[in-house]
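Fold and geometry: a report
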Amino acid sequence: MLPARSHRVLLLGGTGFVGRRLVWHLARDGYGVRIPTRSYARNRDLSVSPDIELLEADVHDATALESLLADCGAAVNLVGILNERGHDGSGFERVHAELTAKLVSACRRTGVRRLLQMSALKADAERGPSHYLRSKGRAERHIEEGAGDEISYTIFRPSVIFGPNDSLLNRFASLLRLFPVLPLAAADARFAPVFVDDVAEAFALALSKPSAHGKTYELCGPEILSLEEIVRFVRGQLGLRRAIV
């Protein structure tokens, strides 16, 4: 478990798809969870438990990060975006790489010695095939180079994550409801979809396992599916007759 000085975890991205599942796994295991948010009103449903502390804060502010980490024994970073406003990668760089660098520095300054990071399958700072994956790779590099002997880290690289309110299956469900014919690009792209609660459980288990320190884990489901197979599955679940081209 966490050091005696604190049994509290700072959970960045706690209001997101994975974060909302992870917070209950952590609370179940007896951790106090501090969740920063840009809007308390939109996420007040998360504050129903006395073990969960919901605070309005800007996590990109280095001073605010240090304040949020006060009396925490660990930090979990789930913050991520799938799309950026421009097309030059700067949005991904700010949210993934720059925030992670700030978090590592803040952990060192506040004495937080445990850090868990959400990355992505095929993340690579140099050879990643997209701005998204290269920025995720640079975030990993900031952790590996900045942790030193003071911070024990674990990095997770999940495949596409599915579950209630996910962004993949629900997006295609909406498109299939709208259009009688669905044009599908990159239909042969392969995925190993992993269930959101399995991802959350992996994070929760890693907090209490010294064997996970310094490790990077790929999180994949038991089946490899093409994008076309995934979309056809969604179509079948909806009971729709739609052409997929």
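Above this note sits the structure.
Since the model is a prediction, treat every value here as computed from it, not as a measurement.

1. Focus: the overall build of the protein
Each helix and strand counted, the protein has seven helices and 13 strands in total. Taken over C-alpha atoms, the radius of gyration comes to 19 Å for the protein, in line with the 18 Å a tight globule of 245 residues would show. When its C-alpha atoms are laid out on the principal axes, the protein stretches across 60 × 40 × 35 Å. Per-residue burial for the protein yields a buried fraction of 46% across its 245 residues. Considering only intrachain contacts with a sequence separation of at least 6, the fraction spanning at least 24 residues in the protein is 72%. With the model as given, the accessible surface of the protein reaches about 12,500 Å², and the carbon-plus-sulfur share is 51%.

2. Digging into the environment of Thr100
Within the element layout of this structure, Thr100 appears in helix α3 (residues 90–110). With 16 residues separating them in the primary sequence, Thr100 and Leu116 have C-alpha atoms 11 Å apart. Apart from the residues lying within four places of it in its own chain, the contact partners of Thr100 are Asn77, Gln117, Ala139, His142 and Ile143.

3. Structural notes on the side chain of His96
By secondary structure assignment, the location of His96 is in helix α3. There is a polar contact of 3.1 Å between the side chain of His96 and the backbone nitrogen of Ile81. Excluding anything up to four places from it in sequence, His96 contacts Val79, Gly80, Ile81, Tyr132, Ser135, Lys136 and Ala139.

4. Concerning the packing of aromatic side chains
Counted under the stated rule, the structure contains four aromatic pairs. Relative to Tyr217, the ring of Phe156 has its centre 5.8 Å away and its plane inclined at 25 degrees; by these criteria the two rings are stacked. Of this pair, Phe156 sits in strand β6 (residues 152–158) while Tyr217 sits in strand β11 (residues 215–219), and the two are 61 residues apart along the sequence. Since its relative accessible area comes to 2%, Phe156 is described here as buried. Between Phe162 and Phe195 the ring centres are 5.6 Å apart and the planes differ by 40 degrees, which places this aromatic pair in the tilted class. Taken together, the residues span a long stretch of sequence, with Phe162 in strand β7 (residues 161–162) and Phe195 in strand β10 (residues 194–195) at a distance of 33 residues. Taken together, Phe156, Phe203 and Tyr217 form an aromatic cluster joined through their ring pairs.

5. Focus on the sheet that holds strand β3 (residues 52–56)
Read from one edge to the other, the open sheet built from seven strands follows the order β3-β2-β1-β4-β5-β6-β11, with strand pairing classed as parallel. Both edges of this open sheet fall to β3 and β11, since each of them pairs with a single strand only. Between one strand axis and the next, the sheet turns by 20 degrees as a mean value, whatever way the strands run. Sheet strands in contact with helix α2 (residues 62–69) are β1 (8–12), β2 (32–37), β3 and β4 (74–77), and its direction is about 160 degrees off that of β2. Lying on the sheet, α3 is in contact with β1, β4 and β5 (114–118); it crosses β4 at an angle near 180 degrees.

6. Brief notes about the pattern of salt bridges
A complete count under the given rule lists 15 salt bridges for this structure. The residue Arg138 makes a salt bridge to Glu93 at a minimum N-O spacing of 2.7 Å. In this pair, Arg138 sits in helix α4 (residues 131–146) while Glu93 sits in helix α3, placing the two residues 45 residues apart along the sequence. A relative accessible area of 25% places Arg138 in the partly exposed class.

Here is what the cut-offs are and how they apply
Residues numbered from 1 in each chain as written. Predicted model: local features only at pLDDT ≥ 70, side-chain atom pairs only at ≥ 80, totals over all residues. Heavy atoms only, no water. Helix = DSSP H or I, 4+ residues; strand = E, 2+ residues; numbered from the N terminus. Rg over C-alpha atoms; globule rule 2.2 N^0.38 Å. Buried < 20%, exposed > 50% of the residue type's maximum accessible area, 1.4 Å probe, protein only. Contact = heavy atoms within 4.5 Å. Areas by Shrake-Rupley, 256 points an atom, 1.4 Å probe, with all protein chains shown as cover. Polar contact = N/O pair within 3.5 Å; in protein donor to acceptor, adjacent residues only side chain to side chain. Phe/Tyr/Trp six-rings, centres within 6.5 Å; stacked < 30°, edge-to-face > 60°. Pairing = 2+ DSSP bridges. Axes fitted to C-alpha atoms, helices over the stretch in contact; angles between N-to-C directions. Salt bridge = Lys/Arg side-chain N within 4 Å of Asp/Glu carboxyl O.

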